[in-house]
Amino acid sequence: MSALHIKKGASKHSAYNLRPTFSDLQERHTIAVLVENEPGVLARVIGLFSGRGYNIESLTVAEVDHTGHLSRITIVTTGTPQVIEQIKAQLGRIVPVHEVHDLTVEGPSVERELAMLKVVGDGDKRVEALRLADIFRANVVDSTLGSFVFEITGAPEKIDAFADLMRPLGLAEIARTGVAALLRGE
Amino acid sequence: MLVQALKDQGVDTVFGYPGGAVLPIYDEVFQQNDIRHVLVRHEQGAVHAAEGYARSTGKPGVVLVTSGPGATNAVTGLTDALMDSIPIVVFTGQVPTFMIGSDAFQEADTIGITRPCTKHNWLVKDTDRLSGIIHEAFHVATSGRPGPVLVDIPKDVQFATGTYTKPSPTASRYQPRLKGDLEEITELVAAMEKAKRPVFYTGGGVINSGPAASQLLRELVEATGFPITSTLMGLGCYPASGKNWLGMLGMHGLYEANLAMHDCDLLINIGARFDDRITGRIDAFSPKSIKAHIDIDPSSINKVIKTDIPIVGDVAHVLEDLLKVWKSRGRKTNAEAVAKWHMKIDEWRKVDCLAFTASDKTIKPQQALARLEALTRDRDRYITTEVGQHQMWAAQYLTFEDPNRWMTSGGLGTMGYGFPASIGVQMAHPESLVINVAGEASWLMNMQEMGTAVQYRLPVKQFILNNERLGMVRQWQELLHGERYSHSWSEALPDFVKLAEAFGAKGIICKDPADLDDAIMEMVNYDGPVIFDCLVEKHENCFPMIPSGKAHNEMLLGDAETQGVIQAGGAVLV
């Protein structure tokens, strides 16, 4: 886990930019939230987004520190800069939230998502699907005579592109995990 | 264990209502004498009473109710406390852990229902964790921006025995920042030194921060000579008799206060949150000013109004540092310009926006409050209100010299708040004069609490301005909806005097302006609860008023032509 020791609520050196330049442009931000893994904590975060009318494009959550019972929630959201600042401040207000980080602001980050795609077909389409999977470095994790399940990891755009290619080749089902993200460097 | 934890938290009063899922706790309450339990008549009343207790003492209010309907009835009070940042701790019973999820009798997903209307809530599944969670609940409710919390305790957890831990202030991870950033504070001081037309805009945060904050604010205002206005929630943090006092601002605020906000060049927000009742039209709000905002909650900053100098911290801590920095830099202000600014304000004052014409036939509501003010001003007095026209008139015509004397539902605007709140205040201040200024419609919403007032011999005075209308709704229908008064009158009202007598209290009716003073004194001097039915002018509108969608300098005064003033854009606002 990255060292997240920035004080909540600090007006400087903080996830909260208290002097934003307001603009009406919609921005896409990836926010990492470190929370105490207690019952209902995810409902608090999701309830905040639905209750205040914020967007969630993707959300992933899992316990990352089993001894400290801490979970990391990665949220991809869109909004104007003012809304993004509000989202961060409101997240910081939730009592079991330890830290809030805007990975989009704090520096270059790596974003990865995992997806599984079931492609059903035979003949040339089946061969083409396998060939494209190879180009995208997707793995075959299940196979029958009439279908494949591919596993692919990458940035969301890469998965979108792969899914677009598979659609005419018999894409039957897709499951995506949502984005997990970390800051680059130390 | 719960009772022990409450004692260790210094709780002396609990407002509650028993039921199946809290019987073990009530059994413990029965067997002790340190904590008084006040039996309300409805759970909503319990929460509002706890709010009244909390706001008049600065201590958290405590509520104990049962599962299911007990918990759902508490929801309005919880939301009210959340909106107004009032520290209360609500304990709810829950069905036994092994029955949760089975749609058991009086089961409700209390944690799920109250999640968005509490600052935090807990379901206790293990008796060993109970005392720790209770202490944490009190800590969360009272630290940072205060708010309501809820602890849901299943019945089997109540029956079981466990280990008790004592409260420890350092045990909690939740430690909001109190000190403001010194660089930002210094920047504010520099702006104050230069400001030609400064104004302090204060709110409930000053009162929540504690008596020291009000004291420091007074010192700051006296030292700088800057004018000061306050929101509905902040009345009393600066004395109404103070020479720099402008009165309340906002939708029904005073002319001089709103124009000062509009024309100022430095706006110093201390513990207020730029609520829409204050700002009016956002893009025309205080267009020429540098805006500084002191707030303990980072999410309040830039939420509505863009802030130039943001200071995150507790009001008392920040004001202390602010005063130190200002003094160390030589106590400078632009005195000449500020004196001119005061002269400008005095011109606005001359408009006398609260003037009204009294009648000798019917009692004007303003007159009733002006007389109530004159006759009770010098007493040890606490005021609560319901919600509506009477609330705004009370805020305009009553004056407050100290914090914690004025309890009203600001953010949520809960009709039915004032009566139970007055019960909570009277419990905390048994010797004081507690008056609930009410409208007849609001008052009826929680009138069952007359039983509580009589049972505990609480001499709360219910001062009802009875216009047989939902006055504020009626006013809006007149201004906005072509005078079509859809369902805004009170049919089939009870005879309030007989109602009081039916409960074993005293009822007074007054309809002649000539009798008003004597009737008020009779109410004040009666040793017991009183319902005062003051029949007032039925069609009086509450002015001044900034119509929805308008700016501060577009106020309506009492004699304004009011038809058609709210345009289509404003009509969709509330």
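Residues numbered from 1 in each chain as written. Chains lettered and ligands numbered in written order. Predicted model: local features only at pLDDT ≥ 70, side-chain atom pairs only at ≥ 80, totals over all residues. Heavy atoms only, no water.

An unreviewed UniProt entry annotates chain A as Acetolactate synthase small subunit of Sedimentitalea xiamensis. Of the comments in the UniProt record for chain A, the one headed Sequence similarities (unreviewed entry) reads "Belongs to the acetolactate synthase small subunit family." (UniProt positions renumbered as here; feature names shortened; annotations may be inferred.)

### Comments concerning the overall build of chain B
For chain B, the count of helices and strands is 24 helices and 18 strands. Expected size for 574 residues packed as a compact globule is a radius of gyration near 25 Å; at 24 Å, chain B falls within 12% of this value. Seen through its principal axes, chain B has C-alpha atoms that stretch 70 × 60 × 45 Å. By the burial criterion, 61% of the 574 residues in chain B qualify as buried. In chain B, the proportion of contacts linking residues at least 24 apart, taken out of those at least 6 apart, comes to 75%. Within the structure as shown, chain B displays about 21400 Å² of accessible surface, and the carbon and sulfur contribution to it stands at 52%. The averaged location of the 68 negative side-chain charges in chain B is 5 Å from the averaged location of its 53 positive side-chain charges. (Helix = DSSP H or I, 4+ residues; strand = E, 2+ residues; numbered from the N terminus. Rg over C-alpha atoms; globule rule 2.2 N^0.38 Å. Buried < 20%, exposed > 50% of the residue type's maximum accessible area, 1.4 Å probe, protein only. Contact = heavy atoms within 4.5 Å. Areas by Shrake-Rupley, 256 points an atom, 1.4 Å probe, with all protein chains shown as cover. Lys, Arg positive; Asp, Glu negative; His and termini not counted. Charge placed at Lys NZ, Arg CZ, Asp CG, Glu CD.)

### Description of the domain arrangement of chain A
Residues and elements named next belong to chain A. Looking at the assigned domains, one finds that chain A contains domain 1 (27-107) and domain 2 (110-183). Spacing between the C-alpha centres of domain 1 and domain 2 amounts to 28 Å. On the side of domain 2, nine residues touch domain 1, which itself brings eleven residues to the contact. Summing both partners gives a buried area of about 720 Å² for domain 1 against domain 2, and 54% of it is carried by carbon and sulfur. Of all residues in domain 1, the largest losses of buried area upon contact with domain 2 belong to Arg28, Thr60 and Leu103, amounting jointly to 44% of the total for that side. Our enumeration of links across domain 1 and domain 2 arrives at one salt bridge. The partner of Arg28 in a salt bridge is Glu111, with the nearest N and O atoms 4.0 Å apart. (Domains from an automatic or database assignment. Buried area = accessible area lost by both parts, 1.4 Å probe. Salt bridge = Lys/Arg side-chain N within 4 Å of Asp/Glu carboxyl O.)

### Concerning the confidence of the model for chain A
Scored by pLDDT, chain A comes out at a mean of 89, with 88% of its residues at no less than 70. Contacts for the low-pLDDT stretch residues 1-16 of chain A, under 50 throughout, to residues beyond four places or in other chains number 42 contacts. (pLDDT = per-residue confidence, 0-100.)

### Describing the interface of chain B and chain A
Contact residues are listed per partner, giving 26 residues for chain B and 23 residues for chain A. When chain B packs against chain A, the two sides together hide about 2200 Å² of surface, and 48% of this comes from carbon and sulfur. When residues of chain B are sorted by the area they lose upon contact with chain A, Arg115, His120 and Arg173 of chain B head the list and together hold 27% of the total. Linking chain B with chain A are two salt bridges. Arg93 of chain A is the partner of Asp297 of chain B in a salt bridge, and the nearest nitrogen-oxygen pair spans 2.5 Å. Our enumeration of links across chain B and chain A arrives at eleven residue pairs in polar contact (both at pLDDT 80 or more). Elements with a contribution of two residues or more to the side of chain B that touches chain A: strand 5 (120-123), helix 9 (182-194) and strand 12 (309-312) of chain B. Here the residues of the side of chain B that touches chain A sort into eight nonpolar, five polar and 13 charged. (Polar contact = N/O pair within 3.5 Å; in protein donor to acceptor, adjacent residues only side chain to side chain. Nonpolar A, V, L, I, M, F, W, Y, C, P; charged D, E, K, R; others polar.)

### Observations regarding the UniProt feature "domain: ACT" (unreviewed entry) in chain A
Per the UniProt record, "domain: ACT" (unreviewed entry) is found at residues 30-105 of chain A. Helix makes up 36% of residues 30-105 of chain A and strand makes up 41%, while its end C-alpha atoms are separated by 9 Å.

### Some thoughts on the pattern of salt bridges
Counted by the stated rule, this structure contains 35 salt bridges over all chains. Of the charged contacts in the structure, one is a salt bridge between Arg474 of chain B and Glu478 of chain B, with a shortest N-O distance of 3.0 Å. In this pair, Arg474 of chain B and Glu478 of chain B both sit in helix 21 (residues 471-480), four residues apart, roughly one turn of the helix. Given a relative accessible area of 14%, Glu478 of chain B falls into the buried group. It is possible to trace a salt-bridge network through shared partners that takes in Arg28, Glu57 and Glu111 of chain A.

### Some details on the nonpolar core
All names here are of chain B. Judged by nonpolar contacts, the single largest core of 100 residues is most densely connected at Leu369 and Phe463. A total of eight residues in this core trace back to one element, the largest contributor, which is helix 14 (residues 315-328). Of the residues that make up this core, three or more belong to each of domain 2 (182-349) and domain 3 (365-542). If sequence neighbours within four positions are ignored, Leu369 has contacts with His390, Trp393, Ala394, Tyr397, Leu398, Val437, Phe463 and Leu465. If you look at the next biggest cluster of nonpolar residues, it comprises 41 residues, including Val65, Ile86, Val90 and Trp443. (Core = buried A, V, L, I, M, F, W, Y, C linked by side-chain atoms within 4.5 Å.)

### Observations regarding the packing of helix 12 (residues 255-263) of chain B against helix 15 (residues 335-349) of chain B
Residue and element names in this part refer to chain B. Look at helix 12 against helix 15: their axes get within 8 Å of each other, and the N-to-C directions meet at 140°. Taken together, the axis directions place helix 12 and helix 15 in an arrangement best described as oblique. Helix 12 and helix 15 meet at a crossing whose hand is right-handed. Facing helix 12, whose interface residues are Tyr255, Glu256, Leu259, Ala260 and Asp263, helix 15 presents Trp341, Ile345, Trp348 and Arg349. Residue classes in the contact of helix 12 with helix 15 are distributed as six nonpolar, no polar and three charged. (Axes fitted to C-alpha atoms, helices over the stretch in contact; angles between N-to-C directions. Parallel < 35°, antiparallel > 145°, perpendicular 65-115°, else oblique. Left-handed = near helix turned anticlockwise from the far one by under 90°.)

### Considerations on the sheet that holds strand 2 (residues 58-65) of chain A
Residues and elements named next belong to chain A. If you walk across this open sheet you meet the four strands as 2-3-1-4, and the pairing is antiparallel. Both edges of this open sheet fall to strand 2 and strand 4 (97-102), since each of them pairs with a single strand only. Put simply, the sheet's adjacent strands are angled 20° from each other on average, direction ignored. With five bridges connecting them, strand 1 (residues 27-36) and strand 4 associate as antiparallel partners. The residue of strand 4 that forms the bridge with Ala32 is His101. Here helix 1 (residues 41-51) sits on the sheet and contacts strand 1, strand 2 and strand 3 (70-79); the angle it forms with strand 3, its principal contact strand, is near 10°. (Pairing = 2+ DSSP bridges.)

### So, the packing of aromatic side chains
Tallying each qualifying case throughout the model produces 15 aromatic pairs over all chains. With centroids separated by 6.1 Å and ring planes inclined at 65°, the aromatic side chains of Phe15 of chain B and Tyr53 of chain B adopt a geometry described as edge-to-face. Of this pair, Phe15 of chain B sits in strand 1 (residues 13-16) while Tyr53 of chain B is found in helix 3 (residues 43-57), placing the two residues 38 residues apart along the sequence. In this structure Tyr53 of chain B comes out as buried when scored by relative accessible area, which is 4%. Through pairs of rings, three or more aromatic residues link up here, namely Phe136, Phe148, Phe150 and Phe162 of chain A. Here Arg126 of chain A stacks its cationic end above the ring of Phe148 of chain A, 4.2 Å away from the centre of that ring. The ring centre of Tyr526 of chain B lies 5.3 Å from the NZ or CZ of Lys506 of chain B, which sits over that ring. (Phe/Tyr/Trp six-rings, centres within 6.5 Å; stacked < 30°, edge-to-face > 60°. Lys NZ or Arg CZ within 6 Å of the ring centre and 35° of its normal.)

### Re helix 22 (residues 496-503) of chain B
Residues and elements named next belong to chain B. Residues of helix 22 that are buried include every one of Phe496, Val497, Leu499 and Ala500, and no others. Buried residues of helix 22, viewed axially, fall in a sector of 160°; they line one side. Across from the buried face of helix 22, at angles greater than 90 degrees, the exposed residues are Lys498 and Ala502. Where helix 22 is buried, its residues touch helix 19 (440-445), strand 16 (461-466), strand 17 (506-510) and strand 18 (530-535). Here helix 22 starts with a cap whose side-chain oxygen sits 3.0 Å from the backbone nitrogen of Val497, and that cap is Asp495. (Arc of directions from axis to C-beta.)

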